[in-house]
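Remarks on the overall topology
So the chains spell out like this:
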Amino acid sequence: MHVVGAKNSALKLMAAALLAPGRSVITNVPRITDIAIMAEVLRRLGCAVSFDDDGAEAAGGDGGPPRSCSVSIEVPADPGTEADYDLVRRLRASICVLGPLLARRGYVRVAHPGGDAIGSRGLDMHVAGLARMGAEISGEHGFVIASAPRGLHGATIWLDFPSVGATENLVMAAVLARGVTEIDNAAREPEIVDICTMLTQMGARIDGAGTSMLRIEGVSELRPVRHATVGDRIVAGTWAFAAAMTRGDVTVTGASPAFLEIALDKLVSAGCLVETRADAFRVRLDRRPSAVDVVTLPFPGFATDLLPMAIGLASVSEGASLVTENIFDGRFMFVNEMARLGADIKTDGHHAVVRGRERLSSAPVRATDIRAGAGLVIAGLCADGVTEVSHVHHVDRGYPDFIADLRSLGVEVERATAPEEPAFTL
Ligand code: EPU
């Protein structure tokens with residue numbers, strides 16, 4: 001199974017392109033709905049955005065449609081300054097244009113994204129960090145409005161929590177600020193390293209990417225660049241858990257196992273044989289998995305995006321597992337759907353106790369978000385009978401051609417309804 005570039009990197013790399021006038025090209029971009037929406041965000045800011053095929057590797061090895069593409073973004077000298085609610089509502093990640101536009105234009109107005117199906121999602125750290133860099137920030141009619149008419153300046157910023165989005169916005173603002181910015185307790189996710197790598201190629205001066213202390217020396221301008229997106233560790237992890245849950249054997253290429261160390265170690269504790277190479281790994285299991293406890297934490301901890309897969313594994317494991325979610329307050333919302341499949345799950349606050357069953361039992365269930373959707377489909381593979389998962393448009397937002405990928409692993413799966421909107425438009 002070949003995994004293409006990470007959604008959560010590619011979206012931010014596209015926003016980072018705003019930092020330099022001219023044509024940047026980002027390759028290994030997943031062909032998913034969220035990328036099409038981000039392209040629309042950039043177009044409304046005055047960019048010309050086009051897509052190209054990414055070559056043979058993107059095809060997924062099954063003759064199906066390509067899973068990735070190259071995105072070319074032509075950024076005007078003065079990009080627009082406003083992102084509307086109709087787009088931000090569809091793609092919360094569009095908030096990541098806040099930092100780059102403020103740095104380029106000294107003014108930006110972005111609709112407040114609000115919460116979503118995995119819980120409330122604040123912006124206080126984005127706002128406090130930009131304010132320390134000299135921005136004036138206000139909220140009005142559902143918009144976050146930031147202005148820095150005299151430009152941003154370097155500052156020392158302590159994040160209360162290593163927020164991925166806040167770290168990205170602040171780095172993208174700091175690269176063009178006057179002087180040195182230090183971000184302490186910064187997020188360390190591979191997607192942060194990826195964006196710092198692209199920014200450095202554009203001419204930014206950044207030290208400490210991948211550590212919790214980032215030091216950014218502002219420069220007066222950046223140049224456009226060509227950059228390949230880092231492989232998607234969450235999609236890779238999804239297949240790893242699918243192999244364990246179905247007592248299967250899956251080799252995943254395109255994403256480094258170093259990004260999944262704790263997750264793969266959990267699978268070893270569950271009884272799996274795991275082999276790793278630089279950019280590939282193989283997971284095998286030929287008996288019932290053993291129960292393992294899981295605690296989600298910022299990277300390098302166990303990723304919250306793999307929580308539904310961890311619950312799925314626990315649901316069919318021998319013994320009881322304690323699963324603790326520390327990032328999003330609404331991540332457990334999907335357990336009601338897992339219960340419809342016969343999973344024995346009790347939640348209390350941010351803890352869930354899952355008592356494993358030999359088999360689950362098929363039922364109609366509903367995807368509530370990207371990862372829950374993928375988790376429910378995979379749980380359906382462990383259920384007797386035919387499981388129907390509705391609202392699968394959520395899965396389209398994060399997994400390029402999930403159905404074809406499942407088929408290539410030998411799963412009998414049908415898409416009962418056509419995608420609600422074209423998953424991708426070239
Ligand atoms: N938070 C605040 N204030 C802030 C920023 C964050 O309270 O100013 C809180 C959030 O409410 C949340 C926690 O901090 O409870 C973590 O938020 P973070 O900023 O780290 O996450 P994010 O940037 O909103 C990204 C990914 C998520 C992924 C998380 C954690 C993107 C587009 N999204 O979200 O991915 O779960 O980091 O790794 O990069 C997904 O792909 O399905 C997804 C939800």
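Being a predicted model, the structure only gives us computed values, none of them experimental. (Residues numbered from 1 in each chain as written. Predicted model: local features only at pLDDT ≥ 70, side-chain atom pairs only at ≥ 80, totals over all residues. Heavy atoms only, no water.)

A few points about the overall build of the chain
Across its full length, the chain carries 14 helices and 23 strands. Its C-alpha atoms give the chain a radius of gyration of 21 Å, within 12% of the compact-globule value 22 Å for 426 residues. The principal-axis extents of the C-alpha atoms in the chain amount to approximately 65 × 45 × 40 Å. With 426 residues in all, the chain has 56% of them scored as buried. Considering only intrachain contacts with a sequence separation of at least 6, the fraction spanning at least 24 residues in the chain is 72%. Carbon together with sulfur atoms contributes 48% to the accessible area of the chain, which is approximately 16,800 Å² in total. Charged side chains of the chain number 41 positive and 52 negative; the gap between the two group centres comes to 1 Å. (Helix = DSSP H or I, 4+ residues; strand = E, 2+ residues; numbered from the N terminus. Rg over C-alpha atoms; globule rule 2.2 N^0.38 Å. Buried < 20%, exposed > 50% of the residue type's maximum accessible area, 1.4 Å probe, protein only. Contact = heavy atoms within 4.5 Å. Areas by Shrake-Rupley, 256 points an atom, 1.4 Å probe, with all protein chains shown as cover. Lys, Arg positive; Asp, Glu negative; His and termini not counted. Charge placed at Lys NZ, Arg CZ, Asp CG, Glu CD.)

Considering the UniProt feature "binding site: UDP-N-acetyl-alpha-D-glucosamine" (unreviewed entry) in the chain
In the numbering used here, UniProt assigns the "binding site: UDP-N-acetyl-alpha-D-glucosamine" (unreviewed entry) feature to Arg92, Asp305 and Ile327. In this structure, Arg92 sits in the loop between α3 (85–88) and α4 (98–105). Other than its neighbours up to four places away in sequence, Asp305 contacts Asn8, Ile234, Arg331 and Arg371. (UniProt positions renumbered as here; feature names shortened; annotations may be inferred.)

As for the site of the ligand
Around the ligand, 24 residues are found, and the nearest of them are Lys12, Asp124, Met125, Ser163 and Ile327. In this structure, an oxygen atom belonging to the ligand sits 2.7 Å away from a side-chain N or O atom of Lys12. Arg371 has a polar side-chain atom sitting 2.8 Å from an oxygen atom of the ligand. For the ligand, whose free accessible area comes to 830 Å², the fraction covered by protein is 86%. Looking at the shell around the ligand, the elements with two or more residues in it are α1 (7–16), α5 (124–132), α6 (164–174) and α12 (370–380). (Near = heavy atom within 4 Å. Polar contact = N/O pair within 3.5 Å; in protein donor to acceptor, adjacent residues only side chain to side chain.)

Some details on the sheet that holds strand β17 (residues 320–324)
With mixed pairing, the four strands of this open sheet are ordered in space as β16-β17-β19-β18. The open sheet has two edge strands with one neighbour each: β16 (294–295) and β18 (344–348). Relative to β17, β16 runs parallel, the two being bridged by two bridges. Residue pairing across strands places Val295 opposite Thr324, the latter belonging to β17. Each of β16, β17, β18 and β19 (351–355) touches helix α10 (residues 307–315); the most contacted strand, β19, lies at about 30° to it. (Pairing = 2+ DSSP bridges. Axes fitted to C-alpha atoms, helices over the stretch in contact; angles between N-to-C directions.)

Focus on the domain arrangement of the chain
Domains assigned within the chain are domain 1 (7–223) and domain 2 (233–391). On a C-alpha basis, the centres of domain 1 and domain 2 stand 30 Å from each other. Between domain 1 and domain 2, a total of about 1,300 Å² is buried, with carbon and sulfur atoms accounting for 59% of that surface. Here domain 1 and domain 2 share one salt bridge between them. With a closest N to O distance of 2.9 Å, Glu191 and Arg233 form a salt bridge. The interface formed by domain 1 and domain 2 contains two residue pairs in polar contact (both at pLDDT 80 or more). When contributions to the side of domain 1 that touches domain 2 are tallied by element, the ones reaching two or more residues are α1 and α7 (190–201). Classifying every residue of the side of domain 1 that touches domain 2 gives five nonpolar, three polar and five charged. (Domains from an automatic or database assignment. Buried area = accessible area lost by both parts, 1.4 Å probe. Salt bridge = Lys/Arg side-chain N within 4 Å of Asp/Glu carboxyl O. Nonpolar A, V, L, I, M, F, W, Y, C, P; charged D, E, K, R; others polar.)

Digging into helix α9 (residues 261–269)
All of the buried residues in α9 are Ala263, Leu264 and Leu267. Angularly, the buried residues of α9 cover 95° about the axis, an arc narrow enough to put them on a single face. On the buried face of α9, the contacting elements are α8 (233–245), β14 (273–277), β15 (280–284) and α10. (Arc of directions from axis to C-beta.)

Thoughts on the environment of Gly122
Within the secondary structure, Gly122 sits in the loop between β5 (107–111) and α5. Judged by its relative accessible area of 53%, Gly122 is exposed. Separated by 269 residues in sequence, Gly122 and His391 have C-alpha atoms that sit 26 Å apart.

Topic: the sheet that holds strand β1 (residues 22–30)
One open sheet holds the four strands; their spatial order is β2-β3-β1-β12, and the pairing between them is mixed. Each end of this open sheet is capped by a strand with a single partner; those strands are β2 (48–53) and β12 (226–228). The average undirected angle you get between the axes of adjacent strands in this sheet is 20°. Pairing geometry for β1 and β12, over three bridges, is parallel. The partner of Val25 across the bridge, within β12, is Arg226. α1 rests against β1, β3 (68–75) and β12 of the sheet, and its axis sits at about 170° to β1. Docked against the sheet, helix α2 (residues 33–44) engages β1, β2 and β3, running at close to 150° with respect to β2.

Focus: the packing of aromatic side chains
For the structure shown, the criterion picks out three aromatic pairs. Here the aromatic rings of Phe241 and Phe302 are separated by 5.9 Å at their centres, their planes lie at 90°, and the arrangement is edge-to-face. Pair noted here: Phe241 is in helix α8 and Phe302 is in the loop between β16 and α10, with a separation of 61 residues, a long-range link. Here Phe241 matches Phe302 in class, with each residue buried. Residue placement shows Arg109 over the ring face of Phe143; its charged tip is 3.9 Å from the ring centre. (Phe/Tyr/Trp six-rings, centres within 6.5 Å; stacked < 30°, edge-to-face > 60°. Lys NZ or Arg CZ within 6 Å of the ring centre and 35° of its normal.)

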